[in-house]
Amino acid sequence: MPTTTANNLTLHYDEHGDASHPPLLLVMGLGAQMTLWPMELVEALVARGFRVIRFDNRDIGLSDKFDGQKVPGVVRHILFRRFGLRPKVPYTLADMAADGAALLDSLKIERAHVVGASMGGMIAQLMAINHADKLHSLTSIMSTTGNPKLPQAEKPAIKALTTPPPSMEEEALVEHGVKIARAIGSPGYPAPEDRLRTRVRNGIQRSVYPQGLPRQMAAIIDDGDRRERLKSVTTPTLVLHGEDDPLVKLEGGQDTAAAIPGATLKTFPGWGHDLPMELVDTMADAIAAHAHAAAPPVTPAAPDSAAVAAE
């Protein structure tokens, strides 16, 4: 897997599709490796005419880690933010957005379509706020604005995410990962057991690094409410959200679309906080239509008939 230096970090990435096609950057969420973007979705986007790039965010997967750097406790941190105080954190969501922009620079990509899921949607939003010149379009998937008045996640989803695995043995980690996936996944599109276990196991065998999750969570809390900043976004924006998301409730997507001028919101019943196979083509169609409308693909000019005749 290739690596590149971006924003003074080593980031692992991969890319698929024709290098001459419009680039599309996929940004993954909290504590999730880039491989959580299903290859079926990647291939569907490639088939729709894109050069698709995935990467591991800082502090996860195979990208650089911030070993030993401490963060405030979640409850304490949230209380501090409510009173307008910002405890020191190892890095911010804005830093993570700068990683995405720097990755594009390192790949000599002037502008890209940027698609982010969950925390990745927050990072993509900040790319549109802070690095608008790098974006052709923005798609924010199952994400939110940081508005503290929105409904909170359902208790079973929170419990699954905050309960540590009983051990770091592979089988225990697989069971733990499956429980989390079931707790936050799509009630209308439950993943087949064998496929889910294979996905979880493959992720564990690629990398296990739970230490990064609290630092990424601290970056989310530190960023606070983005609604005022999102008003400045001029990048054409699509918001996709599941109507049955137990982790980032539907209101998060609605609030995102309301905050960004001209944003389009598409919601889907039965969809939770995952990327189910049954919705791959639907998502790919929506992303592709939005991206092509924002920046129509360049069609090579037909040869000049007179010049051809002269030759």
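In case you missed it, the structure is sitting above this.
Position labels on residues start from 1 in each chain and follow its written sequence. Given that the model is predicted, a residue must reach a pLDDT of at least 70 before its local features are reported, and side-chain atom pairs must reach 80 or more before they are shown or counted; all residues, however, enter totals for whole chains, interfaces and linings. Where side-chain values are given, they derive from all heavy atoms of the structure, hydrogens and water being excluded.

(A) Quick peek at the sheet that holds strand S5 (residues 112-117). Strand order in this open sheet of eight strands is S1-S2-S4-S3-S5-S6-S7-S8, and the pairing throughout is mixed. Every interior strand has two partners, whereas the edge strands, strand S1 (3-6) and strand S8 (264-268), have only one. The sheet shows a mean angle of 25° between the axes of neighbouring strands, direction not considered. Strand pairing is assigned whenever DSSP identifies at least 2 bridges connecting the two strands. A run of H or I in DSSP counts as a helix once it spans at least four residues, and a run of E counts as a strand once it spans at least two, with each numbered from the N terminus. Pairing of S5 with strand S6 (residues 135-141), which is carried by six bridges, proceeds in the parallel orientation. Pairing of Val114 across the sheet is with Leu138, part of S6. Contacts between residues were defined by any pair of non-hydrogen atoms, one from each residue, lying within 4.5 Å. What counts as an axis is a line fitted to C-alpha atoms, over the stretch in contact for a helix, and the angles between N-to-C directions run from 0 to 180 degrees. Here helix H10 (residues 250-259) sits on the sheet and contacts S6, strand S7 (237-242) and S8; the angle it forms with S7, its principal contact strand, is near 170°.

(B) Structural view of the packing of helix H2 (residues 74-82) against helix H8 (residues 212-223). In the contact formed by H2 and H8, the axes pass within 9 Å of each other and the chain directions differ by 15°. By the criterion of interaxial angle, the relationship of H2 to H8 is roughly parallel. Handedness of the H2/H8 crossing: right-handed. In contact with Val74, His77, Ile78 and Arg81 of H2, H8 contributes Met217, Ala218, Ile221, Asp222 and Asp223. Residues are grouped as follows: nonpolar covers Ala, Val, Leu, Ile, Met, Phe, Trp, Tyr, Cys and Pro; charged covers Asp, Glu, Lys and Arg; every other residue, Gly included, is treated as polar. For the contact of H2 with H8, the residue count by class is five nonpolar, one polar and three charged. Angles below 35 degrees are treated as roughly parallel, those above 145 as roughly antiparallel, those between 65 and 115 as roughly perpendicular, and all remaining angles as oblique. Two helices that cross are described as forming a left-handed crossing if the nearer one is turned anticlockwise from the farther one by less than a right angle, and a right-handed crossing if clockwise.

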